[in-house]
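Architecture and fold: a report
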Amino acid sequence: MAVPTVDPQRYPQQLEAKRRRIVEQFARFQPPTLEVYPSPPSHYRQRCEFRLWHEGEDLYYAMFESDLDNSGKQVPVRLDHYPIASRRINALMPALREALLDNSILRQRLFQVEFLTTLSGEALITLIYHRPLDEAWEDEARLLQQRLGAMIIGRSRKQRVVLERDHVWEQLSVDDHEFVYQQVENSFTQPNAEICRSMLSWAREVTRGSQDSDLVEFYCGNGNFTVALAENFRRVVATEISRISVASARINLEANGIDNARVERMSAEEFSAALKGEKQGRRVERLALSEHDFSTVLVDPPRAGLDEQSCEQLSEYPRIVYISCNPDTLVENLAHLDKTHDIARLALFDQFPFTSHCECGVLLARRAGS
């Protein structure tokens, strides 16, 4: 992971550069005015990972320059603090390093540290080793857990030692609602919690007035949007391929008291076939797809976007909510969706300040007669 150059005072300029980029990139579709949702200029990432670099008796957190040195190796950059990481992570970094310096058992062949935190201050630290973890390690790790006030997990090859639990509980306040989310170690979660709140609020706003119809959702992850949008619809059917994420999504629905949504483990391809009536089986039967009236489809695909066949299927729905982490593939997909739908809303969510990455949200409405 390359080290981003962070200068909070220059944040308005970098955000404006992203705004101009998206306006120019999407101009061919004649969208409405771009809505821009800024991130906090620092301390916005709730999860981070670092290499732990050993030099003699010293050790420190490191990331790497994108350029190689004269020998063709990556150059480690020492990090004693990390301004894009949450304040909780920045407080834990020196405390953990100090504890490791004094403990030969915990530092032996430790090569990576991962932090997962929440807005409320919960913290989970994963220590990753190039050696098996034994009882001596576990005893010391439990003392470290008490010392730091953070949960500890140890990992090595074919080994995972969970001392307390493998997840944190994030609490997000969105439109006067309090949503809670189980976020599991080593699985995908939205890294920028404040931008996640903005995304959920925007998605809730653009789907209001749909209580008489249903929502179908692809790539639902841990139910991030499913939980927040459920009250806008009569029923929600969502799918996700990751087993861990599906388990979390179901837990999150229950934790938020949501009883009108169902999540099944199914690939996007399988789900598409089921929606067309081309796939059968117990999982498909449980979804009772024929009983639903899907007015809206929500997709939040990987960076590769959607293939042409998936775009054709989306075009069958009156309303499409497309969340994209890659504007380039989004533009490619819109070239297909633009044949039947107009862009009703377009938003830029600055999920990753001080990088070239952009997160976008698009609401598409089917044109009359299409």
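Description of the structure in this document.

Thresholds, definitions, all that
- Each chain has its residues counted from 1, following the order in which its sequence is written.
- Local features in this predicted model are restricted to residues of pLDDT 70 or higher, and side-chain atom pairs are both shown and tallied only at a pLDDT of 80 or more, whereas totals for entire chains, interfaces and linings draw on every residue.
- Calculation of side-chain values draws on the structure's entire complement of heavy atoms; hydrogens and water are dropped beforehand.
- What counts as a helix is a DSSP run of H or I of at least four residues, what counts as a strand is a run of E of at least two, and both are numbered from the N terminus.
- Computation of the radius of gyration draws on C-alpha atoms, with the globule rule given as 2.2 Å multiplied by the number of residues to the power 0.38.
- Note on exposure labels: buried denotes an accessible area under 20% of the residue type's maximum, exposed denotes more than 50%, and partly exposed covers the range between, all computed with a 1.4 Å probe on protein chains only.
- Here a residue-residue contact requires only that any non-hydrogen atoms of the pair lie within 4.5 Å.
- Accessibility throughout is a Shrake-Rupley quantity obtained with a 1.4 Å probe, and a residue counts as covered only by protein chains that appear here.
- In this count, Lys and Arg are taken as positive residues and Asp and Glu as negative ones, while His and the chain termini are left out.
- To locate a charge, take NZ of a lysine, CZ of an arginine, CG of an aspartate or CD of a glutamate.
- Stacked, tilted and edge-to-face are the three classes assigned to paired rings of Phe, Tyr and Trp, where Trp is represented by its six-membered ring and a pair needs centres within 6.5 Å; plane angles under 30 degrees give stacked, over 60 edge-to-face, the rest tilted.
- Every helix has an expected span of 1.5 Å times one less than the residues it contains.
- In this text, buried Ala, Val, Leu, Ile, Met, Phe, Trp, Tyr and Cys residues form a nonpolar core when linked through side-chain atoms within 4.5 Å.
- Note on definitions: salt bridges are taken to be side-chain nitrogens of Lys or Arg within 4 Å of carboxyl oxygens of Asp or Glu.
- Paired strands, in this sense, are two strands between which DSSP finds at least two bridges.
- Under this scheme, a helix contributes an axis fitted over its contacting stretch, all axes are lines through C-alpha atoms, and angles between N-to-C directions fall in the 0 to 180 degree range.
- Handedness of a crossover is defined as follows: orient the strands so they point away from the viewer, and if the path from the first strand over the helix to the second runs clockwise, the crossover is right-handed.

1. Section: the overall build of the protein
Each helix and strand in the protein was counted, giving 11 helices and 17 strands. For a compact globule of 370 residues, the expected C-alpha radius of gyration is about 21 Å, and the protein comes in at 22 Å, within 12% of that figure. Over its C-alpha atoms, taken along the principal directions, the protein stretches across nearly 70 × 50 × 40 Å. Across the 370 residues in the protein, those meeting the buried criterion constitute 52%. Considering only intrachain contacts with a sequence separation of at least 6, the fraction spanning at least 24 residues in the protein is 65%. Working note: accessible area of the protein is about 17200 Å², and carbon and sulfur atoms make up 46% of it. Distance between charge centres in the protein, computed from 44 positive and 55 negative side chains, equals 2 Å.

2. Comments concerning the packing of aromatic side chains
The geometry of an aromatic ring pair is captured by the separation of the ring centres together with the interplanar angle, meaning the angle of the planes. Evaluation of the coordinates by the stated rule reveals 11 aromatic pairs. Ring geometry for Y37 and F349: centres 5.0 Å apart, planes at 20°, overall stacked. Of the two residues, Y37 sits in strand β1 (residues 35-37) while F349 sits in strand β16 (residues 341-349), which places them 312 residues apart along the sequence. Seen from their ring centres, F50 and Y82 are 5.3 Å apart, and the 80° between their planes marks the pair as edge-to-face. With F50 in strand β2 (residues 47-55) and Y82 in the loop between β4 (74-79) and α2 (87-101), this pair connects stretches of sequence that are 32 residues apart.

3. Quick word on helix α1 (residues 11-26)
End to end, α1 covers 23 Å across 16 residues, agreeing with the expected 22 Å (1.5 Å per residue, within 8%). Contact partners of the buried residues in α1: β1, α11 (327-337), β16 and β17 (359-366).

4. Comments concerning the nonpolar core
Judged by nonpolar contacts, the single largest core of 71 residues is most densely connected at L96, F115, I125, L127 and W137. With 6 residues, α2 is the largest single contributor of residues to this core. The residues contacting L96, other than those within four sequence positions of it, are Y61, V113, F115, I125, L127, L144 and L148. Judged by nonpolar contacts, the second largest core, of 34 residues, contains Y181, V227, V246 and I323.

5. Thoughts on the pattern of salt bridges
A complete count under the given rule lists 24 salt bridges for this structure. Among the ionic pairs, E16 bridges to R19, the shortest N-O distance being 2.8 Å. Here the residue E16 and the residue R19 both occupy positions in helix α1, the gap between them amounting to 3 residues, near one helical turn. Its relative accessible area of 29% is what places R19 among the partly exposed residues.

6. Focus on the sheet that holds strand β13 (residues 261-265)
Strand order in the open sheet formed by 8 strands is β1-β16-β17-β15-β14-β11-β12-β13, and the pairing between neighbours is mixed. Since the sheet does not close on itself, it has two edges, and those belong to β1 and β13, each with one partner. Each neighbouring strand pair of the sheet contributes to a mean axis angle of 15°, computed without reference to strand direction. Two strands pair when backbone bridges link them, and strand β11 (residues 210-218) and strand β12 (residues 233-240) are joined in this way by 5 bridges, in the parallel orientation. Pairing of V216 across the sheet is with V237, part of β12. Strand contacts of helix α7 (residues 243-255): β12 and β13, with the helix running at about 165° to β13, the strand carrying the most contacts.

7. Focus: the pairing of strand β7 (residues 151-156)
β7 sits mainly inside the fold: 6 of its 6 residues count as buried. Side chains M151, I153 and R155 of β7 all project onto a buried face; the interleaved residues I152, G154 and S156 project onto the opposite face, where all are buried too. Strand direction decides the pairing type here: strand β6 (residues 123-129) and β7, joined by 5 bridges, are parallel. Along β7, the bridge assignment pairs L127 with G154. Crossover β6 to β7 through helix α4 (residues 135-148) is right-handed. Two strands pair when backbone bridges link them, and β7 and strand β8 (residues 159-162) are joined in this way by 4 bridges, in the antiparallel orientation. For I153, the partnering residue across the bridge sits in β8 and is V162. Connecting the antiparallel pair β7 and β8 is a turn made up of 2 residues, with K158 showing a positive phi of about 60°.

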